[in-house]
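Chain residues, written in single-letter form:
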Amino acid sequence: MKHRWWLVVLLGWAIAASGKAPDGDAILAAVDRNIGSDSKVSTAHMVIEGRRGSRTVAFRSWIRGMDESSTEYLEPPRERGVKMLKLGDQLWAYYPSTDRTIKISGHMLRQSVMGSDLSYEDLMEDPLLSGLYDPVIEGEEVVLERPCWVLHLTAKRDDLAYDSRTMWVDKERFVILREHRFAKSGKLLKTTDVTEVAEIDGRWLGKTIEFKDALRSVGGTTFIVDTIDFDEEIPEYVFTKAILRK
Amino acid sequence: MIRFLIKGLLRDRSRSLFPTLTVVVGTALTVVMYSWIRGTEADIIRANANFNTGHVRVMTRAYTAEVDRTPNDLALLGADELLDELEQRFPDFDWVSRIRFGGLLDIPNATGETRAQAPVTGLAVQLLGEGSIEREVLNLDNALVQGGLPAAPGEIVVSDELATRLELELGETATLISSTMYGSMATTNFTVVGTVEFGVAALDRGAILADLEDVRFALDMNDAAGEILGFLAGGIYDEERTARAADEFNAWIGDGGDEFSPVMGNLRAQSGLATTLDLAGAVSFALITIFVVVMSIVLWNAGLIGALRRYGEMGLRLALGEPKGHIYRTLILESVTIGLIGSVIGTSIGIACAWYLQEKGINIEPFLKNASMMIFNVMRARVTTTSLFIGFVPGLLATILGTSISGLGIYRRQTSQLTKELEA
């Protein structure tokens, strides 16, 4: 698993060497391979633009596989110590000020995370898209001075947060540089734009990503990855509910 | 002469009973309907003023534009300073800051897990400390069903219906799950110390009432308020004074192109009440007009029938040399007598019915299950000075009008034909 990113490089080389356009499935599989890892520990911060100014929320995350993640908020002081735990399709939030663990479910999943342009639903989403969407190549464009495939994804199931997505995937690095997410009605719900990419441990990823909830007239959230370590050993208790009140 | 006419009316009931009954019924209906409309209008104004808009309300321009979704991210900042300014500049009003919020009320079990949960509509008002008029404005002492009102920070009261639904005991901890004004999810523990019933379905479904400072802390709204409400002394809404105050305030603040600058509006200009109030006025006017017209037609018709029946009498009186004008005037005098008697009886009955509706009211709660409008469950009539003459005057006028038209037939009688007519 540690050398999964080599598969991405090899796949990219194979796609390029074949001299013909790959199909959407192959591109999406390459994107998924680029994202996937056994585990990762990261620190990041979000700069959330509101109508009255901006605020910064910092957090540390531990992620194992695709289904388990634990997040502890570090800043601002009011949010310090708030924790979130995702196990499979369940999500809990712990608030030290009330010593309460709240299960986030139902309509609460559509709420904004810390006032950002991301929703809890976005956090709950399986990052591996190939199992959820049918991709079709729509064309080629240049984004961030990088040649990209333009993929249109259609949901395989009805219960996904986004019914369709259009994404611009770096042809060589298989990083999603831009994405538009749509509702079943075709209405644009969210956009993401990568403004900075970085190569870490041999894999390319978006380091600075701008999220925009298209239903909000103003604002936007810049998500910045500060540090990220892949395939780190993470203690088992980090992915248990006990971590929340620890 | 009048005594003679009254005797005639009493002895010949066929010429007085039907017109009198018509006037009685019409007058009574008008009084009841008018009082009912006035009562309903006053209740809507009172409910909206007390629980929603105040007599005037100050919000940011941005908040005003999206007021239906209670956008606390667009709330007034520096609210305490603005409140002081309003108190100095508009001393006729009592000013209060409020925060409206939504969220979930989560009741934990012994292990801290969710035992029960329900969506709530929250209202934060100044409950603690001196000098607040909120207890009186919200009629909290009468609204209290169980327990007491918050007396210390961290205490809330909830609607009795909500407490029953959540099987909530007094003294239990309830966690409010809501959003800060910056959009983060926020949880705050409160102790439930009482339950209330406001008699407004929109609130009684799931309201919680907390102290302003507690909610400011909970929602990260330090020195902020969603809205500042102004109430005229005596609690009576005055359209002109409130509109004048709003104009003065808005001229003083100016626009400045800032969406967060405060703007004042009076009750009528908010919550779609202008339409409701205009409608109530129009219905009152239409009611009285229709009443006068219909009653005049009915009484005119009654007069024509009476004239046919009294054809011989009129002819005989003319034959005896009584001038047409005198006969006409006696008919008018008769109608004035009928109008007076009918209007007095009708107004008395109407006032009695309206008084009953004012005291007892009619419970319309079953029709308000999903209503979001601030309206009391029990609608009441309101007996005012106007109720005394709103039916009386038209009752009298309609009778006179009806007789005036039908009585004109007297002038068409030919004296030369009288003997023939009387023989026939």
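Here is what the cut-offs are and how they apply
Each chain carries its own residue numbering, running from 1 in the direction its sequence is written. Chains and ligands are labelled sequentially in the order written, the chains with letters from A and the ligands with numbers from 1. Per-residue local features of the predicted model are confined to residues with pLDDT of at least 70, and side-chain atom pairs are confined, for both listing and counting, to 80 or more; whole-chain, interface and lining totals are unaffected and use all residues. Think of the side-chain values as coming from all heavy atoms in the structure, minus any hydrogens and water. Put simply, DSSP H or I for four residues or longer makes a helix, DSSP E for two residues or longer makes a strand, and each gets a number counted from the N terminus. To get the radius of gyration, use the C-alpha atoms; to get the globule rule, take the number of residues to the power 0.38 and multiply by 2.2 Å. Note on contacts: a residue pair qualifies if any of its non-hydrogen atoms lie within 4.5 Å across the two residues. Residue burial considers only the protein chains on display, and all accessible areas are found by Shrake-Rupley using a 1.4 Å probe. Charged residues are defined here as Lys and Arg on the positive side and Asp and Glu on the negative side; His and the ends of the chain fall outside this count. To locate a charge, take atom NZ for lysine, CZ for arginine, CG for aspartate or CD for glutamate. Pairing of aromatic rings covers Phe, Tyr and Trp, the last counted by its six-membered ring, and requires centre-to-centre distances within 6.5 Å; plane angles under 30 degrees mean stacked, over 60 mean edge-to-face, and any other angle means tilted. Exposure is judged per residue with a 1.4 Å probe applied to protein chains only, and the accessible area is read against the type maximum: over 50% gives exposed, under 20% gives buried, and values in between give partly exposed. Here, a charge over a ring is recorded when the distance from Lys NZ or Arg CZ to the ring centre is within 6 Å and its angle to the ring normal is within 35 degrees. By this rule, a helix spans an expected 1.5 Å times one less than how many residues it contains. Every definition here rests on a 1 Å grid over the protein atoms only: cavities are sets of points where a 1.4 Å probe fits but cannot get out, pockets are open sets enclosed by protein on both sides within 12 Å along at least five of seven lines, and lining residues have some atom within 4 Å of a point. Grid points are joined across faces, edges and corners, and a volume is the space filled by probe spheres set on the points. For this classification, Asp, Glu, Lys and Arg are treated as charged, while Ala, Val, Leu, Ile, Met, Phe, Trp, Tyr, Cys and Pro are nonpolar and the rest, including Gly, are polar. Boundary definitions for the domains trace back to an automatic or database domain assignment. By definition, the buried area sums, over both parts, the 1.4 Å-probe accessible area that each loses when the two are put together. Think of a salt bridge as a Lys or Arg side-chain nitrogen and an Asp or Glu carboxyl oxygen that are within 4 Å of each other. For the purposes of these results, a polar contact is taken to be a pair of N or O atoms within 3.5 Å, where, inside protein, one atom must be able to donate a hydrogen and its partner to accept one; residues adjacent in sequence count only when each atom of the pair is a side-chain atom. In this analysis, strands are considered paired if DSSP registers two or more bridges between them. Confidence scores here are pLDDT values: one per residue, from the predictor, ranging 0 to 100. As used here, the term nonpolar core means buried Ala, Val, Leu, Ile, Met, Phe, Trp, Tyr and Cys residues forming a set that is joined through side-chain atoms within 4.5 Å.

Turning our attention to the overall build of chain A. Scanning chain A for helices and strands turns up 3 helices and 13 strands. What you see for chain A is a C-alpha radius of gyration of 18 Å, in line with the 18 Å of a compact globule of 246 residues. Judged by the C-alpha coordinates and their principal axes, chain A covers about 60 × 40 × 35 Å. If you take every contact in chain A between residues at least 6 apart in sequence, the share linking residues at least 24 apart comes to 46%. Accessible area for chain A stands at about 11,600 Å²; split by element, carbon and sulfur atoms hold 52% of it. Charged side chains of chain A number 35 positive and 40 negative; the gap between the two group centres comes to 5 Å.

So, on to the packing of aromatic side chains. Here the structure, examined in full by the defined rule, presents 8 aromatic pairs over all chains. Where F59 of chain A meets Y73 of chain A, the ring centres are 5.7 Å apart and the plane angle is 55 degrees; that geometry is what we call tilted. Separated by 14 residues along the polypeptide, F59 of chain A in strand β2 (residues 53-64) and Y73 of chain A in strand β3 (residues 68-75) bring together distant segments of the chain. With relative accessibility at 7%, the residue F59 of chain A sits in the buried group. On the numbers, 5.7 Å between centres and 70 degrees between planes, the contact of F249 of chain B with W252 of chain B is edge-to-face. Of this pair, F249 of chain B and W252 of chain B both sit in helix α10 (residues 239-253), 3 residues apart, which is roughly one turn of that helix. Above the plane of the ring of W149 of chain A lies K171 of chain A, whose end atom (NZ or CZ) is 4.4 Å from the centre. Its end group placed over the ring of W252 of chain B, R89 of chain B keeps NZ or CZ at 3.8 Å from the ring centre.

Before going further, it helps to spend a moment on helix α2 (residues 17-53) of chain B. Residues and elements named next belong to chain B. Between its first and last C-alpha, α2 extends 51 Å over 37 residues, near the 54 Å set by a 1.5 Å rise per residue. Most of α2 sits inside the fold, with 28 of its 37 residues counted as buried. Within two residues after α2, G54 carries a phi angle of roughly 65 degrees, on the positive side.

Residue and element names in this part refer to chain B. Considered as a void within the structure, the second largest pocket measures approximately 680 Å³ in volume. As for the second largest pocket, its lining consists of 29 residues, and the residues nearest its centre are R46, N50, V137, N139 and F376. Among the residues forming the lining of the second largest pocket, the class breakdown is 13 nonpolar, 9 polar and 7 charged. When residues of the lining of the second largest pocket are assigned to domains, at least three fall in each of domain 1 (2-47 + 275-421) and domain 2 (56-234).

Take the interface of chain B and chain A next. In many reports, interface size means the accessible area that the parts give up when they come together. Each partner contributes residues to the interface: chain B has 34 residues there, and chain A has 20 residues. For the chain B face of the interface with chain A, the top three residues by lost area are S184, M185 and T187 of chain B, together amounting to 31%. Across the contact surface, chain B and chain A share 5 salt bridges. Measuring nitrogen to oxygen at the nearest pair gives 2.6 Å for the salt bridge that ties R51 of chain A to E259 of chain B. Summed over the shared surface of chain B and chain A, the result is 13 residue pairs in polar contact (both at pLDDT 80 or more). Looking at the side of chain B that touches chain A, the elements that each hand over two or more residues are β2 (76-77), β3 (93-108), β7 (173-179), β8 (185-196) and α9 (212-218) of chain B. Examining the composition of the side of chain B that touches chain A, we find that 5 residues originate from one element, β8 of chain B, more than from any other.

With that settled, the discussion passes to empty space enclosed by the protein. This model, assessed by the stated rule, comprises 1 cavity of 30 Å³ or more. In this structure, the largest cavity occupies an estimated 1,400 Å³ of space. Grouping the amino acids of the lining of the largest cavity by side-chain chemistry returns 28 nonpolar, 8 polar and 9 charged.

Moving on, we come to the pairing of β3 of chain A. Residue and element names in this part refer to chain A. Summarising the sheet, β2 and β3 pair through 7 bridges and their orientation is antiparallel. Bridge pairing links R64 to E68 in β3. Hairpin geometry of β2 and β3 is characterised by an intervening segment of 3 residues between the two adjacent antiparallel strands and by a positive phi of about 60 degrees at G65. For β3 and strand β4 (residues 83-87), the ladder comprises 5 bridges, and the chain directions are antiparallel. Residue pairing across strands places T71 opposite M84, the latter belonging to β4.

Attention now moves to the pattern of salt bridges. A complete count under the given rule lists 38 salt bridges over all chains for this structure. Residue E172 of chain B pairs with R115 of chain B through a salt bridge whose shortest N-O separation is 3.0 Å. Taken together, the residues span a long stretch of sequence, with E172 of chain B in the loop between α7 (160-165) and β7 and R115 of chain B in strand β4 (residues 114-125) at a distance of 57 residues. For R115 of chain B, a relative accessible area of 35% gives the class partly exposed. Measuring nitrogen to oxygen at the nearest pair gives 2.9 Å for the salt bridge that ties D141 of chain B to R135 of chain B. Accessibility expressed as a relative area gives 46% for D141 of chain B, which makes it partly exposed. Taken together, the salt bridges that share partners define one network made up of R51 of chain A together with E66, R69, D73 and E259 of chain B.

Domain annotation for chain B reports domain 1 (2-47 + 275-421) and domain 2 (56-234). Placing the centre of domain 1 of chain B and that of domain 2 of chain B at their C-alpha centroids yields a distance of 50 Å.

Moving on: the confidence of the model for chain B. All names here are of chain B. Across chain B, the average pLDDT comes to 85, with 90% of residues at or above 70. Taking the mean pLDDT of every element in chain B, the minimum, 66, falls on helix α16 (residues 418-423) and the maximum, 96, on strand β10 (residues 224-225). Two numbers describe this predicted complex: its pTM, 0.77, and its ipTM, 0.77.

Counting residues in each nonpolar core, the largest one holds 37 residues, and the members touching the most others are Y73, I104, Y120 and F223 of chain A. For this core, the secondary-structure elements that each account for two or more residues are β1 (39-50), β2, β5 (90-95), α3 (120-124), β8 (146-155), β12 (203-213) and β13 (220-230) of chain A. A per-element tally of this core places β13 of chain A first, with 4 residues. Once residues lying within four places of it in the same chain are set aside, the contact partners of I104 of chain A are L91, A93, L109 and Y120 of chain A together with M185 of chain B. One finds A75, A163, L168 and M181 of chain B within the second-largest nonpolar core, a separate group that totals 28 residues.

Attention shifts here to unusual backbone geometry. All names here are of chain A. The omega torsion across E75 and P76 is 0 degrees, close enough to zero to call that bond cis. When you line up the elements, P76 lands in the loop between β3 and β4. One non-glycine residue with positive phi stands out, namely M114, at about 55 degrees. With respect to the helices and strands, M114 occurs in the loop between β6 (100-103) and α3. Judged by its relative accessible area of 4%, M114 falls in the buried class.

All names here are of chain A. With respect to burial, β4 is a largely interior element, 4 of its 5 residues being buried. For β4 and β5, the ladder comprises 5 bridges, and the chain directions are antiparallel. Within β5, the position partnered with M84 by the bridge is A93. In this antiparallel pair of consecutive strands, β4 and β5, the connection spans 2 residues, and G88 shows a positive phi of 65 degrees.

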